[in-house]
There are 2 protein chains.
Amino acid sequence: MHGTARKPIDALLLRLGQHDKLSDSERQVLQAAFGPPESLTRGQDLISEGDEPEGSTLILEGMSFRYRTLEDGRRQIVSLHIPGDFVDLHSFMLKRMDHSVGALSDCTISRVSHDTLRAVTEDYPHLTRLLWLMTLVDNAIVREWLVGIGRRSATERMAHLICELQLRLRAVERNGENGFELPVTQADLGDMLGLSLVHTNRVLRYLREQRLVLWEGQRVRVLDRPGLERLAGFDDTYLHRVRRPR
Amino acid sequence: MHGTARKPIDALLLRLGQHDKLSDSERQVLQAAFGPPESLTRGQDLISEGDEPEGSTLILEGMSFRYRTLEDGRRQIVSLHIPGDFVDLHSFMLKRMDHSVGALSDCTISRVSHDTLRAVTEDYPHLTRLLWLMTLVDNAIVREWLVGIGRRSATERMAHLICELQLRLRAVERNGENGFELPVTQADLGDMLGLSLVHTNRVLRYLREQRLVLWEGQRVRVLDRPGLERLAGFDDTYLHRVRRPR
DNA sequence: CGAAGTCTTGAAGAGCTTCAATACGCGTGG
DNA sequence: CCACGCGTATTGAAGCTCTTCAAGACTTCG
């Protein structure tokens, strides 16, 4: 065997390809930029608040989440990552992490060093813009979460989250039939939505009783997507899934 | 008179200079990139949801805010802009606005066309990284707001917001003695913090009674900054105000 | 001076949290 | 194989934070 082994970056390519066309050389640059796949087990922290990582991490398979814990233990999850998402692309510029990242499920990841990223920004402006775009979509998602926690009811928020995740997973071809894997406890869900564990449970019961969503262990089964979108007031423009020159 | 008139971009230069050193040529590129100052009156919308602006807008003086309104009229403000902040730098890549931007006070602004920004990304990688950084700090601030709305009490959130704004204004030399101008109604404040108008009023009364913060018309007077920080659990690392090579 | 916007306070009620107890599911070791 | 323990889910009940409704006062401005 010779040449570089194919690295399973396909989810990233799918995500980027959602927003703009990629040239072959850009694909090659990306393929070459990433290190070998690494494995992580559920519950492990990928990065901790205060760290200054020397590279950024891409999720190949599995899910991770960003969170911040206040002094007294209250925790807020501020985003979820699926295959093709960078866990900490922002650390390339921000340097110091202002939050932690944990593995939600067993994950395989791949790293790019910040040196390599810097080289990309020097030589590949279009690719740079696309990476920048990744962080901007991240941003749009966090804003949408903020709107939800600030102004939507607990039930609406939950419905919205499920709509969002299903769509994002579909975009990287990790969706199943009428549902998807979501390896979270109800406590985790509460920390995403700014809810207590108990109320999270009640919201889920309500969605079940309305025959909108069912949880089968770690799997979410969406029974009535249109109904769920109606309840959530879901509108996908904030995901910016439009292919156009950038 | 000849040559380009000096444009009052100084707040942007101050902000960028907070994070990294700028070369003279970079300063010149920036100065040249922006159009002439324009004036806006309080209450006007700078940009509306669904717009596809052809340029990005920088605040020279005054304040603006991003917000989203749900179908039934509930509104959430997702960020505040002060001099030196871009209102919609993300529209350069995202193209379509997924929220609106309004003027909080009378403002003077200046625009850069997206064509110019694109040219910058082609020729000035370091400057590009700094612009990218601007959007990443934006992002960090929104995350912090999310943590607040999700996990902090109304009072803590209010205190946190005031701490944040005072620090940001100081960084661009727009701070007064022991306070600052903040031309918002209590309804606006509520929409920032995810609170009702009535409760916002009660939170302000509490802070006044505790002799932490006083409102004198449109001016916020901070009586006890350390006390406020303690109450808020304020930690400024998320603002990333550290000068280092990027 | 009247009108519109904003601030302030009271009172009732909704949504969500906290405390508490029970049940369930799964892996481990006796 | 069963007992035990631990993490997770579920439900009831009480209570607190914040919202909503309502009304009055104050401010600004034509």
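None of the values given here were measured: they were computed from a predicted structure.

Reading guide: rules and limits
Residues numbered from 1 in each chain as written. Chains lettered and ligands numbered in written order. Predicted model: local features only at pLDDT ≥ 70, side-chain atom pairs only at ≥ 80, totals over all residues. Heavy atoms only, no water. Least-squares fit on C-alpha atoms with pLDDT ≥ 70 in both. Contact = heavy atoms within 4.5 Å. Near = heavy atom within 4 Å. Polar contact = N/O pair within 3.5 Å; in protein donor to acceptor, adjacent residues only side chain to side chain. Helix = DSSP H or I, 4+ residues; strand = E, 2+ residues; numbered from the N terminus. Pairing = 2+ DSSP bridges. Domains from an automatic or database assignment. Buried area = accessible area lost by both parts, 1.4 Å probe. Salt bridge = Lys/Arg side-chain N within 4 Å of Asp/Glu carboxyl O. Nonpolar A, V, L, I, M, F, W, Y, C, P; charged D, E, K, R; others polar. 1 Å grid on protein atoms, 1.4 Å probe; cavity = no way out; pocket = protein on both sides within 12 Å on 5 of 7 lines; lining within 4 Å. Points joined across faces, edges and corners; volume = space filled by probe spheres on them. Buried < 20%, exposed > 50% of the residue type's maximum accessible area, 1.4 Å probe, protein only.

### Here we look at the relation of the copies chain B and chain A
Alright, step 1. Mapping chain B onto chain A calls for a screw motion: a turn of 180° about the axis and a shift of 0.0 Å along it, with 0.0 Å RMSD after fitting. What the rotation and shift describe, once combined, is the action of a two-fold rotation axis.
Alright, step 2. Residue by residue, 100% of the interface of chain B is reproduced at the interface of chain A, so both copies engage with the same surface.

### Describing the protein's contact with DNA strand C
Alright, step 1. Taken together, 15 residues form the shell around DNA strand C, and within it Ser 196 and His 199 of chain A together with Gln 186, Asn 201 and Arg 202 of chain B come nearest.
Alright, step 2. In the model, a phosphate oxygen of DNA strand C is placed 3.2 Å from a nitrogen or oxygen of the His 199 of chain A side chain.
Alright, step 3. Take Arg 202 of chain B: an N or O atom from its side chain is 2.6 Å from a base nitrogen of DNA strand C.
Alright, step 4. Elements that contribute at least two residues to the surface near DNA strand C include exactly helix H6 (154-171) and helix H8 (197-209) of chain A together with helix H8 (197-209) of chain B.
Alright, step 5. When residues of the surface near DNA strand C are assigned to their parent elements, the largest contribution, five residues, is made by H8 of chain B.

### Concerning the environment of Asp 98 of chain A
Alright, step 1. Position of Asp 98 of chain A relative to the elements: it lies in the loop between helix H3 (91-94) and strand S6 (100-103).
Alright, step 2. For the pair Asp 98 of chain A and Leu 223 of chain A, spaced 125 residues apart in sequence, the C-alpha to C-alpha distance is 38 Å.
Alright, step 3. A distance of 2.8 Å separates a polar atom in the side chain of Asp 98 of chain A from a polar atom in the side chain of His 240 of chain B.

### Some points on the pairing of strand S7 (residues 107-113) of chain A
Residue and element names in this part refer to chain A.
Alright, step 1. Of the pairings in the sheet, the one linking strand S1 (residues 38-40) to S7 comprises three bridges and is antiparallel in character. Across the sheet, Ser 39 pairs through a bridge with Thr 108, a residue of S7.
Alright, step 2. Pairing between strand S3 (residues 55-61) and S7: six bridges, direction antiparallel. Directly across from Ile 59, in S7, lies its bridge partner Ile 109.

### Things to note about the domain arrangement of chain A
In many analyses, interface size is given as the accessible surface area lost on bringing the parts together.
Residue and element names in this part refer to chain A.
Alright, step 1. In terms of domains, chain A is made up of domain 1 (10-148) and domain 2 (153-239).
Alright, step 2. The C-alpha-based centres of domain 1 and domain 2 are spaced at 23 Å.
Alright, step 3. A buried area of about 2,100 Å², summed over both sides, lies between domain 1 and domain 2, and 59% of it is on carbon and sulfur atoms.
Alright, step 4. Looking only at domain 1, the three residues that lose the most surface to domain 2 are Arg 75, Leu 80 and Ile 82, adding up to 22% of its buried area.
Alright, step 5. Counting the contacts that link domain 1 with domain 2 gives five salt bridges.
Alright, step 6. Between Glu 61 and Arg 174 there is a salt bridge whose closest N-O contact spans 2.3 Å.
Alright, step 7. In this structure, the connection of domain 1 to domain 2 is made through 10 residue pairs in polar contact (both at pLDDT 80 or more).
Alright, step 8. Put simply, the parts of the chain that give the side of domain 1 that touches domain 2 at least two residues each are helix H1 (10-19), S3, strand S5 (75-81) and helix H5 (125-151).
Alright, step 9. Residue composition of the side of domain 1 that touches domain 2, by class: 13 nonpolar, six polar and seven charged.

### Here's the deal with the layout of surface pockets
Alright, step 1. Volume-wise, the largest pocket comes out at about 200 Å³.
Alright, step 2. Lining the largest pocket are 13 residues, and of these Gly 62, Met 63, Leu 169, Arg 174 and Glu 181 of chain A sit closest to its centre.
Alright, step 3. Approximately 160 Å³ is the volume attributed to the second largest pocket.
Alright, step 4. If you go around the second largest pocket, the residues you meet are Glu 61, Gly 62, Met 63, Pro 83, Ser 105, Leu 169, Arg 174, Phe 180, Glu 181, Pro 183 and Gln 218 of chain B.
Alright, step 5. Broken down by class, the residue content of the lining of the second largest pocket amounts to five nonpolar, three polar and three charged.
Alright, step 6. Lining the lining of the second largest pocket are residues from two domains, each supplying at least three of them: domain 1 (10-148) and domain 2 (153-239) of chain B.

### Topic: the protein's contact with DNA strand D
Alright, step 1. The full set close to DNA strand D counts 16 residues, and Gln 186, Asn 201 and Arg 202 of chain A together with Ser 196 and His 199 of chain B are the nearest of them.
Alright, step 2. The sugar and phosphate moieties of DNA strand D supply 60% of its atoms located within 4 Å of the protein.
Alright, step 3. Taking Asn 201 of chain A, its side chain carries an N or O atom lying 3.0 Å from a phosphate oxygen of DNA strand D.
Alright, step 4. Within the side chain of Ser 196 of chain B, one N or O atom sits 2.8 Å away from a phosphate oxygen of DNA strand D.
Alright, step 5. Of all the elements, H8 of chain A adds the most residues to the surface near DNA strand D, at five residues.
Alright, step 6. A per-class count over the surface near DNA strand D returns four nonpolar, seven polar and five charged.

### A look at the side chain of Arg 152 of chain A
Residue and element names in this part refer to chain A.
Alright, step 1. Tracing the backbone through its elements, the reader meets Arg 152 in the loop between H5 and H6.
Alright, step 2. By relative accessible area, Arg 152 is classed as buried at 5%.
Alright, step 3. At 2.5 Å, the side chain of Arg 152 and the side chain of Glu 144 are in polar contact.

### Here's the deal with the interface of chain B and chain A
Alright, step 1. Listed as interface residues are 57 residues of chain B and, on the opposing side, 57 residues of chain A.
Alright, step 2. Taken over both partners, the interface formed by chain B and chain A buries close to 5,300 Å², and the fraction arising from carbon and sulfur atoms is 60%.
Alright, step 3. Summed over the three residues of chain B that lose the most area to chain A, namely Trp 132, Leu 146 and Arg 151 of chain B, the buried surface amounts to 17% of that side.
Alright, step 4. Connecting chain B to chain A are 12 salt bridges.
Alright, step 5. Our count for the chain B to chain A interface comes out at 34 residue pairs in polar contact (both at pLDDT 80 or more).
Alright, step 6. For the side of chain B that touches chain A, the elements supplying multiple residues, two or more each, are strand S4 (64-69), strand S5 (75-81), helix H3 (91-94), helix H4 (114-123), helix H5 (125-151) and helix H7 (186-193) of chain B.
Alright, step 7. Looking at the side of chain B that touches chain A residue by residue, the classes come out as 22 nonpolar, 14 polar and 21 charged.

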